[in-house]
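Summary of the model geometry
Spelled out, the chains give:
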Amino acid sequence: MDEAPAALDPSTLLDKIGVELSGDMIAQALTHSSYAYEQGGVNNERLEFLGDAVVGQAITAALYNQFPDLPEGELAKRRASIVSTGALAEVAHGIGLGDYLRLGRGEELTGGREKPSLLADALEAVVGAIFVDKGPQAAHDAVHHLMGDLVKRADELRESSDPKTALQEWAAKNGGGAPHYNITDSGPDHQKVFTADVFLVRRDHSSQAVGHGTGSSKKAAELAAAQAALETVRNPSASDA
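Given the structure is predicted, the values throughout are model-derived calculations rather than measurements.

Turning next to the pattern of salt bridges. Counted by the stated rule, this structure contains eleven salt bridges. Across the salt bridge formed by Arg-153 and Asp-149, the nearest N and O atoms sit 3.4 Å from each other. A relative accessible area of 45% means that Asp-149 is categorised as partly exposed. Lys-192 serves as the salt-bridge partner of Asp-185, at 3.2 Å between the closest nitrogen and oxygen.

What follows is about the nonpolar core. Counting 47 residues, the largest nonpolar core has Ile-17, Ile-82, Leu-97 and Met-147 as the members making the most contacts within it. Looking at this core, the elements that each hand over two or more residues are α1 (10-17), α2 (23-29), α4 (45-66), α5 (72-82), α6 (85-94), α8 (116-134), α9 (136-152) and α10 (154-161). Of all the elements, α8 adds the most residues to this core, at ten residues. Apart from residues lying up to four places away in sequence, Ile-82 is in contact with Ile-59, Leu-63, Ala-87, Leu-88, Met-147, Leu-150, Val-151, Ala-154 and Leu-157. Among the nonpolar cores identified, the runner-up in size contains 14 residues, and Ala-196, Val-210, Ala-225 and Ala-226 belong to it.

Tracing the backbone through its elements, the reader meets Glu-222 in helix α12 (residues 218-234). Taking the relative accessible area as the measure of exposure, Glu-222 reaches 15% and is therefore buried. Of the polar contacts made by the side chain of Glu-222, one reaches the side chain of Lys-164; its length is 2.6 Å. Residues contacting Glu-222, with those up to four places away along its chain left out, are Lys-164, Tyr-181, Ile-183 and Ala-196.

Calculation rules
- Residues numbered from 1 in each chain as written.
- Predicted model: local features only at pLDDT ≥ 70, side-chain atom pairs only at ≥ 80, totals over all residues.
- Heavy atoms only, no water.
- Salt bridge = Lys/Arg side-chain N within 4 Å of Asp/Glu carboxyl O.
- Buried < 20%, exposed > 50% of the residue type's maximum accessible area, 1.4 Å probe, protein only.
- Core = buried A, V, L, I, M, F, W, Y, C linked by side-chain atoms within 4.5 Å.
- Helix = DSSP H or I, 4+ residues; strand = E, 2+ residues; numbered from the N terminus.
- Contact = heavy atoms within 4.5 Å.
- Polar contact = N/O pair within 3.5 Å; in protein donor to acceptor, adjacent residues only side chain to side chain.

Structure below.
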C-alpha cells in the first residue's frame, strides 16, 4: 500500500506523544477514509469513536480533580470547551499531526491536513489506538500529556468557544438585562456580509452598544460581536482610550 505523498514517518509523531505503537496500529489511526477508499485498507473511524470516549473520560476526571468546588454544570461547560473540535485541532496542530495523515487525493488537494474537523478526529483516533495497543492507563496518560494545558485554560477556552454565553453570564452577574443583537447584511446573495451590534441594558434600563462584529453568517457576526463586547466590558479603560 502506497503512502500519501506528503506523509511523514509516524515514529517522530510518537516521540512527541511519548508512546510506542505497533506500525499497523498507528497506520490505521492516521488513515483517513478518503485514503482507505482509494488505496484499500482500514480507516481510522472506529479508533476515532473509541478515542472520543477515552478523551472525554480523561478530561472529565482531570476537571473533577482540579476544580473540587465547581458544580456539575460548570464542569460540563469546561469539558465541552476542552473536547471541542477547535481545542482538539489546536492540540493536533501543535504536534504537527496533519503532516502524518494518509489522505486521499481529494483531501490532499483541498487542504485536508489543516482542516480542524479532520485534525480533531485524527487526534481522537491516535488516542483510541493507544488504548487498544497499550491499555487504558497509557491512553489516559497520553491525553493528560497532550491536553493538560487545556484543562488549566478551561475558562479561556469556554469563553472563546462560546462568547455569547459568556457575555450573557457577565451581564447577569453585573445586574444587566440579557444582551440583544442587531443584525444587518450587505452584498450580493451569494456573498453576503453580516454585521452585528450587541447591546446591553444598564440598570437604569438604557441600552448601550458594547460590541461590533462581522462575518459570513449571522451566527459568525454575533460571535464576533460578543467577543468584542467581552473585551470592552472587562477592560473599559481600553475602549475609552
